[in-house]
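# Chains, contacts and geometry: an overview
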2 protein chains.
Amino acid sequence: MPEGHSVSDLESFLEQGTELLDSVLDAVVPRAGEGAGELAEAMRHIVFSGGKRLRPNLALLGSLDVGGTREDALGAAAGVELIHAYSLLHDDLPCMDDGQLRRGKPCAHVVFGEATALLAGDALLTLAFEALADRTPQGRPVGAMVVALGRAAGWVGMVGGQMADLAAEGRSPDVERVTAIHAGKTAALISVSLELGALAGGGAPDQVSRLAAGGRELGLAFQIVDDLLDLECTTEELGKQAGADAERGKMTWPAAVGFEQARADAARLMAEAEAHFDSGACRALLVGLCRRLLPRRS
Amino acid sequence: MPEGHSVSDLESFLEQGTELLDSVLDAVVPRAGEGAGELAEAMRHIVFSGGKRLRPNLALLGSLDVGGTREDALGAAAGVELIHAYSLLHDDLPCMDDGQLRRGKPCAHVVFGEATALLAGDALLTLAFEALADRTPQGRPVGAMVVALGRAAGWVGMVGGQMADLAAEGRSPDVERVTAIHAGKTAALISVSLELGALAGGGAPDQVSRLAAGGRELGLAFQIVDDLLDLECTTEELGKQAGADAERGKMTWPAAVGFEQARADAARLMAEAEAHFDSGACRALLVGLCRRLLPRRS
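Here's a quick rundown of the structure. Worth saying up front: this structure is predicted, and the values here are computed from it rather than measured.

### Comments concerning the overall build of chain A
Of regular secondary structure, chain A possesses 15 helices and 2 strands. Each principal axis of the C-alpha atoms in chain A carries an extent, and together these give about 50 × 45 × 35 Å. Taking all 298 residues of chain A together, 58% fall into the buried category. Contacts in chain A between residues far apart in sequence, at least 24 positions, make up 74% of those at least 6 positions apart. Surface accessibility of chain A: about 11,000 Å² in total, with carbon and sulfur atoms responsible for 49%. One finds the centroid of the 27 positive side-chain charges in chain A at a distance of 2 Å from the centroid of its 42 negative side-chain charges.

### Description of the relation of the copies chain B and chain A
Applying a rotation about an axis and a shift along it to one chain copy brings it onto the other copy. Once chain B is rotated about the relating axis by 180 degrees and shifted along it by 0.0 Å, it coincides with chain A to within an RMSD of 0.0 Å. This pairing of chains is accounted for by a two-fold axis. An overlap of 100% is found between the interface residues of chain B and their copies at the interface of chain A, pointing to a shared contact surface.

### A look at the state of the cysteines
Among covalent bonds in proteins, the disulfide is the one between the sulfur atoms of two cysteines. By the definition in use, this model includes 0 disulfides over all chains. Looking at C95(A), it has no disulfide partner, and the nearest cysteine sulfur is the one in C95(B), 7.2 Å off. You can see C233(B) has no disulfide; the closest cysteine sulfur is in C107(B), sitting 18 Å from it. Overall, C233(B) belongs to the buried group, its relative accessible area being 14%.

### Thoughts on the side chain of Q162(B)
Looking at where Q162(B) falls in the secondary structure, it is placed in helix α8 (residues 158-168). Those residues in contact with Q162(B) that lie beyond four places of it in its chain are L119(A), S87(B), D91(B) and K185(B).

### Let's talk about the interface of chain B and chain A
At the junction of the two partners, chain B supplies 40 residues and chain A supplies 40 residues. For the pair chain B and chain A, the summed buried area comes to about 3,400 Å², and 78% of that belongs to carbon and sulfur atoms. Interface area lost by chain B to chain A is led by L119(B), W155(B) and M163(B), which between them contribute 21%. Along the contact surface separating chain B from chain A lie 4 salt bridges. Notably, a salt bridge pairs D134(B) with R151(A), separated by 3.7 Å at the nearest N-O pair. At the junction of chain B and chain A, the tally comes to 4 residue pairs in polar contact (both at pLDDT 80 or more). Mapped by element, the contributors of at least two residues to the side of chain B that touches chain A are α2 (37-47), α4 (74-91), α6 (114-135), α7 (142-153) and α8 of chain B. The element contributing the most residues to the side of chain B that touches chain A is α6(B), with 14 residues. Across the side of chain B that touches chain A, the residue classes break down as 25 nonpolar, 8 polar and 7 charged.

### A word on the side chain of H90(A)
Looking at the element boundaries, H90(A) is found in helix α4 (residues 74-91). On the basis of relative accessible area, H90(A) is assigned to the buried category, the value being 2%. Beyond its immediate sequence surroundings of up to four residues, H90(A) is in contact with M96(A), A117(A), L118(A), G121(A), D122(A), H90(B), L118(B) and D122(B).

### Brief notes about empty space enclosed by the protein
All names here are of chain B. Throughout the structure, instances matching the rule amount to 3 cavities of 30 Å³ or more. What lines the largest cavity is H45, I46, S49, L89, D92, R102, K105, P106, C107 and A108. When residues of the lining of the largest cavity are traced back to their parent elements, those giving at least two are α2 and β2 (105-106). Taken together, the residues of the lining of the largest cavity sort by class into 5 nonpolar, 2 polar and 3 charged.

### Some remarks on the packing of aromatic side chains
The full count for this structure, using the stated rule, is 1 aromatic pair over all chains. Ring geometry for F129(A) and F129(B): centres 4.7 Å apart, planes at 5 degrees, overall stacked. Within this pair, whereas F129(A) is found in helix α6 (residues 114-134), its partner F129(B) is found in helix α6, the two belonging to separate chains.

### Observations concerning the pattern of salt bridges
Any two side chains of opposite charge can pair if their charged atoms end up close together. Within the structure shown, the criterion is met by 36 salt bridges over all chains. Put simply, D92(A) and R102(A) hold a salt bridge, and the shortest N to O gap is 2.9 Å. Pair noted here: D92(A) is in the loop between α4 and β1 (101-102) and R102(A) is in strand β1, with a separation of 10 residues, a long-range link. Summarising the burial analysis for this pair, D92(A) and R102(A) share the class buried. In this structure, E272(B) engages R268(B) in a salt bridge whose closest nitrogen and oxygen atoms are separated by 3.4 Å. Placement of both E272(B) and R268(B) in helix α14 (residues 259-276) is noted, with a separation of 4 residues, approximately one turn of the helix.

### A word on the nonpolar core
Counting 198 residues, the largest nonpolar core has L82(A), I83(A), L82(B) and I83(B) as its most contacted members. Leaving out residues up to four positions away in the same chain, I83(B) has contacts with L125(B), A128(B), F129(B), L149(B), A153(B), M158(B) and L189(B).

### Thoughts on the packing of helix α8 (residues 158-168) of chain A against helix α9 (residues 175-200) of chain A
All names here are of chain A. It is at 7 Å that the axes of α8 and α9 come closest, and there the two elements cross at 145 degrees. Handedness of the α8/α9 crossing: left-handed. On α9, the residues that touch M158, G161, Q162, A164, D165 and A168 of α8 are R177, I181, G184, K185 and L189. Split by residue class, the contact of α8 with α9 holds 5 nonpolar, 3 polar and 3 charged.

The rules behind each value
Residues numbered from 1 in each chain as written. Chains lettered and ligands numbered in written order. Predicted model: local features only at pLDDT ≥ 70, side-chain atom pairs only at ≥ 80, totals over all residues. Heavy atoms only, no water. Helix = DSSP H or I, 4+ residues; strand = E, 2+ residues; numbered from the N terminus. Buried < 20%, exposed > 50% of the residue type's maximum accessible area, 1.4 Å probe, protein only. Contact = heavy atoms within 4.5 Å. Areas by Shrake-Rupley, 256 points an atom, 1.4 Å probe, with all protein chains shown as cover. Lys, Arg positive; Asp, Glu negative; His and termini not counted. Charge placed at Lys NZ, Arg CZ, Asp CG, Glu CD. Least-squares fit on C-alpha atoms with pLDDT ≥ 70 in both. Disulfide = S-S within 2.5 Å. Buried area = accessible area lost by both parts, 1.4 Å probe. Salt bridge = Lys/Arg side-chain N within 4 Å of Asp/Glu carboxyl O. Polar contact = N/O pair within 3.5 Å; in protein donor to acceptor, adjacent residues only side chain to side chain. Nonpolar A, V, L, I, M, F, W, Y, C, P; charged D, E, K, R; others polar. 1 Å grid on protein atoms, 1.4 Å probe; cavity = no way out; pocket = protein on both sides within 12 Å on 5 of 7 lines; lining within 4 Å. Points joined across faces, edges and corners; volume = space filled by probe spheres on them. Phe/Tyr/Trp six-rings, centres within 6.5 Å; stacked < 30°, edge-to-face > 60°. Core = buried A, V, L, I, M, F, W, Y, C linked by side-chain atoms within 4.5 Å. Axes fitted to C-alpha atoms, helices over the stretch in contact; angles between N-to-C directions. Left-handed = near helix turned anticlockwise from the far one by under 90°.

Written out as structure tokens, the structure reads:
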């Protein structure tokens, strides 16, 4: 790892970032005692289910990278993690992927019923914007940040990608289409995590766009790795059903280009992301994170 | 109608406000040609289905009432209408009310399938915050406005009310519980429509809170009237299935207090709302709107 940062620096950064983020999420997500009953339980079921907190840690890194603090980016970090959490709830619903297991636990709709899982997702999506706006420091471009999160999460970005993903089920794989799906479904939110962090940290426009660009490549690589893991791992290792993509006829990257090429593409995209991350204050941590996300099996 | 405003003034205000709002919605909601395919079609299916545009017109009135312009409040108006539209899509899903007919047309999930209706709702909810932030004038407290919309639409407000509504199905009616349901499910969004309009128009804190308070009473009265109409009207008159509340064992106001008392409560609440609206620049239009929303049958 470059510039004197060790793997343990990255590990301790992620640990501390996750702790900070979890305390914010604990403050903003309701508890059952606050009159929200099962709705609160279903929201907490997914938010506190052992997620890796990749997106919020990227937001914290985005702020530090441009000279801001981690605290500056806590609203942004909570916002992107709540968007990610809602998307998992809705993705797992019977009318979508009909998931049973998520992070090794039964899905929210299995535990609480479909209507409650649907409403809990709606509440988390709404709370994402509230938390972003409420906890972004005065003097930051909060309006532009809400717009950026909206684009990344909505019909242009994540929801658009999920729709394209559904529409492509069972079609013959095609690298152009799978790029568009992955860019919307996964890369848009990962990219905006860095972008919002940089905006929250007071970054200049060129710093913000450099991090957003690196985030797009990192996000694409991350989804390719996820596709590969779905093929390589067992259900126990994944915490969700393995081989689910193939079973549903999902258009994955390895299905479009083959297994070996997919591994090569992920490595190439990650190297492109690293190049974008190579000039900020957190380059070592960001580059370390990119390498950590590449598959470790050979 | 007081102070020289006639019924035709209100009618023409609502007509012009709706026209302005529709042109903003047409600009922000995607078209099928823009790469969003069926997602865009499902979004437009509900957004342009002949809604009364009550909430966005309240936002415009809120701005005018405190000395702002209608244009100031167009972001707020689009935001509250998009929240309303998404809530109808998700409410009608099979796991919720399983609606078939909405505004005289088949529901989105009947036309496009459940997954597309779910995703279109998610996209509209996301777009609501984007449009609010993107189209609110510089210099207005956009962060506070996003927070207010989040609270009104989320677990504290609308989604919380929907959850309480589901949880109360089949229970014996109780006026305290039905007040909490209606306050969350309906009044929160109606109240925040006026509040956001007032904030967008540059209103002072006392003007903003006066309009928000009037909005809560107006919203409660509005939902009681809606409960009454469900009992009194035919499916053709409503554009959705009549008698659906009773069939599902919904906890309505007339079920809790009786039909005559419900009519009296609606009139009382509307009078309380009128009292809150009695000092701003738009008092005549706001009071006229309150009277127009009371049931016209005797």
